[in-house]
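Analysis of the macromolecular model
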Amino acid sequence: MAISMYDASVAVFLARLKALAGVLNAAEQNAVERKIDPEVFLFARLAPDMFPLTRQVQIATDHAKGASSRLAGRDAPRFEDDEQTFDDLHARIGRTTDYLATFTAQDIAGSEEKTVELRLGGRQLSMPGLQYLLHFAMPNFYFHVTTAYDILRHNGVPLGKVTFISGGQQQA
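Residues numbered from 1 in each chain as written. Predicted model: local features only at pLDDT ≥ 70, side-chain atom pairs only at ≥ 80, totals over all residues. Heavy atoms only, no water.

1. A short note on the environment of asparagine 155
Mapped onto the secondary structure, asparagine 155 falls in the loop between α7 (129-154) and α8 (161-166). Once the C-alpha coordinates of asparagine 155 and isoleucine 59 are considered, the two residues, 96 residues apart in sequence, prove to be 21 Å apart. Once residues lying within four places of it in the same chain are set aside, the contact partners of asparagine 155 are Arg34, Phe41 and Ala44. A polar contact of 2.8 Å, which involves the side chain of asparagine 155, links it to the backbone oxygen of isoleucine 151. (Helix = DSSP H or I, 4+ residues; strand = E, 2+ residues; numbered from the N terminus. Contact = heavy atoms within 4.5 Å. Polar contact = N/O pair within 3.5 Å; in protein donor to acceptor, adjacent residues only side chain to side chain.)

What follows is the structure, encoded as structure tokens:
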């Protein structure tokens, strides 16, 4: 059975964003338990030249909605990057998953060979949809989701692989 472009894109983004919300829930709870100001986590970085947690979540959601939109030939909604709290980050993830829920498999069908064009750092990139998804969109998305997890883990939030994969929820 072949995997559809929808299953390889929108369905993955939805599942990973749900898990990211679980990671954020764990961090928020841990901040309360340890009596740590949530801003310590929200604005933490792995290295001085890396983005903080809030920006990692913003970029992950941008990749999810942007990739899905490009594959479907839609304009992605623009979100302001003004999140300052865990509630703000959850709301952004919610807006993103609500948007992703508007896509159907038919919207993404046939996008494997569709030319995807985007501007990156002043350069114009053009590639087939499958190459874009597998070699640009997904690696970027996973980089930022993983970095968000790593920032929290580095700051002592007791996270493990189960939380990263499922958001701490049992898989059915």
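Don't stop here, the text continues.
2. Details of the packing of aromatic side chains
Within this structure, the stated rule accounts for five aromatic pairs. The interplanar angle of 85 degrees and the centroid separation of 5.1 Å between the aromatic rings of tyrosine 99 and phenylalanine 103 together place this pair among those described as edge-to-face. In terms of burial, tyrosine 99 and phenylalanine 103 fall into one category: buried. Arranged with centres 5.8 Å apart and planes meeting at 25 degrees, the rings of tyrosine 132 and phenylalanine 136 form a pair that is stacked. Note that tyrosine 132 and phenylalanine 136 are positioned in helix α7 at a spacing of four residues, about one turn of the helix. The burial state of tyrosine 132 is the same as that of phenylalanine 136; both residues are buried. (Phe/Tyr/Trp six-rings, centres within 6.5 Å; stacked < 30°, edge-to-face > 60°. Buried < 20%, exposed > 50% of the residue type's maximum accessible area, 1.4 Å probe, protein only.)

3. Observations regarding the pattern of salt bridges
Side chains that differ in charge, positive against negative, can pair when their charged atoms come close. All chains considered together, the criterion is met by seven salt bridges. One salt bridge connects aspartate 107 with arginine 74, and the closest N-O pair in it is separated by 3.2 Å. Note that aspartate 107 is positioned in helix α6 (residues 105-108) and arginine 74 in the loop between α4 (53-72) and α5 (86-100), a separation of 33 residues in sequence. Relative accessible area serves as the criterion here: at 29%, aspartate 107 is assigned to the partly exposed category. Using a relative accessible area of 30% as the deciding quantity, one classes arginine 74 as partly exposed. (Salt bridge = Lys/Arg side-chain N within 4 Å of Asp/Glu carboxyl O.)

4. Details of α4
In this model α4 runs 29 Å from its N-terminal to its C-terminal C-alpha over 20 residues, within 8% of the 28 Å that 1.5 Å per residue would give. Among the 20 residues that make up α4, 16 are buried, leaving the element largely enclosed by the rest of the structure. A positive phi of about 75 degrees marks glycine 73, the residue just after α4. (Expected span 1.5 Å × (residues − 1).)

5. Quick notes on the packing of helix α2 (residues 10-33) against α5
Contact geometry for α2 and α5: axes closest at 10 Å, N-to-C directions at 165 degrees. Accordingly, the angle class assigned to the pair α2 and α5 is roughly antiparallel. For the pair α2 and α5, the crossing hand works out as left-handed. Contacts between α2 and α5 involve Val10, Phe13, Leu14, Leu17, Leu20, Ala21, Leu24, Asn25, Ala27 and Glu28 on the former and, on the latter, Phe86, Asp87, Leu89, His90, Ile93, Thr96, Thr97 and Leu100. Tallied by class, the residues present in the contact of α2 with α5 amount to 12 nonpolar, four polar and two charged. (Axes fitted to C-alpha atoms, helices over the stretch in contact; angles between N-to-C directions. Parallel < 35°, antiparallel > 145°, perpendicular 65-115°, else oblique. Left-handed = near helix turned anticlockwise from the far one by under 90°. Nonpolar A, V, L, I, M, F, W, Y, C, P; charged D, E, K, R; others polar.)

6. Focus on the packing of α4 against α7
Between α4 and α7, the least distance of the axes is 9 Å, while the angle of their chain directions is 160 degrees. Taken together, the axes of α4 and α7 are roughly antiparallel relative to one another. Every pair of crossing elements has a handedness; the one defined by α4 and α7 is left-handed. Its residues assigned to classes, the contact of α4 with α7 shows 16 nonpolar, seven polar and one charged.

7. A look at the nonpolar core
Leu53, Tyr132 and Leu152 are the most contacted members of the largest nonpolar core, which totals 46 residues. Listed by contribution, the elements that provide at least two residues to this core are α1 (5-8), α2, α3 (38-42), α4, α5, β1 (115-120), β2 (123-128) and α7. Among the elements that make up this core, the one with the highest residue count is α7 (11 residues). Contact partners of leucine 53, with chain neighbours within four places excluded, come to Leu24, Phe41, Leu42, Ala44, Phe86, Ala148, Ile151 and Leu152. (Core = buried A, V, L, I, M, F, W, Y, C linked by side-chain atoms within 4.5 Å.)

Keep in mind these values describe shape, not function.
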